[in-house]
Amino acid sequence: MSDQQPEHIKFSAIPPEFYSDLTREPFDSCVNCGKNLLIPGTLYIIEKAIVQTQPHQTKNTIFEYAMCFDCWEETKKSLSAESLQNIQEYFAQRVDFKNRISDLKEEESMDKWLGSCIVKGKDRSELKEYQIACQCDGPYMAYHFLPYLISGEVMEELMELLSEQTLGEMDNFKKKLTAPDPDLEELFDKKKILMV
Ligand SMILES: [Zn+2]
């Protein structure tokens, strides 16, 4: 196959791991504009931040949201250009996405795609905190740059690359989210949100 051919991207039904913990069903609306996300042809991303106890790996979702591409693009404009560039460089220097996609392209197992931190390589079972993200089209999830998992350690490193302005924008965005578990509200309040 020549390199000139358009890349074939695999899709599947959205794995339950990316369902909303509030409803236990797929996300159906954009956190920002309320658009129905489950109509085929509607592109959006899902992010969830999870804390995990050790050694028993009990997981709790701290925050979660789905956002349509239009709002995503709009939100990105509110972040500083410097912050966005820093994030891009951080990943470009540490993650070989091309290799990862070619290794995993036939896989549908979330254990393979989300089994370890894409930057640090640490196994998910060892993490106390991590964030997962995926990209969807209506009721389907794409297997490409996403889905991926980043560990709490990476989230902290990324925070340090962000400007005050960007951190402020992320805090504003957080006001739109609900903590899925009322018992975790205190942790939710303390937690910085990171959109990547
Ligand atoms: Zn939207």
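Just so it is clear, the structure is predicted and the values come from calculations on it, not from any experiment. Throughout this description, residue numbers start from 1 for each chain and increase along the sequence as written. Since the coordinates come from a predicted model, pLDDT governs what is reported: local features require at least 70, and pairs of side-chain atoms require 80 or more to be given and counted, while whole-chain, interface and lining totals use all residues.

S.K.: What exactly am I supposed to notice about helix 5 (residues 152-159) here?
M.R.: Side chains of residues three or four places apart in an α-helix project in the same direction, reflecting 3.6 residues per turn. Working definition of burial: number of other C-beta atoms within 10 Å of the residue's own, with buried at 20 or more, exposed at 12 or fewer, and partly exposed in between, all C-beta atoms being placed from the backbone. Secondary structure follows DSSP: runs of H or I at least 4 residues long count as helices, runs of E at least 2 residues long count as strands, and numbering of each begins at the N terminus. V154, M155 and L158 are the residues of helix 5 that are buried. The arc that holds the buried residues of helix 5, viewed along the axis, is 105°, so those residues lie on one side. For this quantity, the arc is that covered by the directions from the helix axis to the C-beta atoms.

S.K.: Help me out: how do you make sense of the nonpolar core in this one?
M.R.: Side chains of a nonpolar character, in soluble globular proteins, are inclined to be buried together. To count as a nonpolar core, a set of buried Ala, Val, Leu, Ile, Met, Phe, Trp, Tyr and Cys residues must be joined through C-beta atoms within 7 Å. In this structure, A66, L149 and I150 are the most contacted members of the largest nonpolar core, which totals 34 residues. At the level of elements, strand 2 (43-52), strand 3 (59-68), strand 4 (129-137), strand 6 (148-151) and helix 5 are the ones that each hand at least two residues to this core. For I150, the residues in contact, after removing those within four places along its chain, are C117, I118, V119, Y130, Q131 and M155. By the convention adopted here, residues are in contact when the distance between their C-beta atoms, placed from the backbone, does not exceed 7 Å.

S.K.: Whenever I open this one, the pairing of strand 3 confuses me. Can you help?
M.R.: Regular strands show a simple pattern: their side chains alternate between the two faces of the sheet. Burial within strand 3 is extensive, with 7 of its 10 residues counted as buried. A pair of strands is labelled paired if DSSP reports no fewer than 2 bridges between them. Pairing geometry for strand 2 and strand 3, over 9 bridges, is antiparallel. Within strand 3, the position partnered with Q52 by the bridge is K59.

S.K.: I keep staring at the environment of T53 and nothing clicks. Help me out?
M.R.: Structurally, the position occupied by T53 is in the loop between strand 2 and strand 3. Residues T53 and L127, spaced 74 residues apart in sequence, show a C-alpha to C-alpha distance of 8.4 Å.

S.K.: Is there a simple way to explain unusual backbone geometry in this structure?
M.R.: Most peptide bonds take the trans form, and the phi angle of most residues other than glycine is negative. The omega angle of the peptide bond from Q54 to P55 is 5°, so this bond is cis rather than trans. Here P55 is to be found in the loop between strand 2 and strand 3. A cis geometry characterises the amide bond from L146 onward to P147, with omega recorded as 0°. Mapped onto the elements of the fold, P147 is located in the loop between strand 5 (140-143) and strand 6. We note that R24 has phi near 60°; this positive angle belongs to a residue other than glycine. As for its position among the elements, R24 is in the loop between strand 1 (10-13) and strand 2. In this structure, Q57 takes a positive phi of about 55° despite not being glycine.

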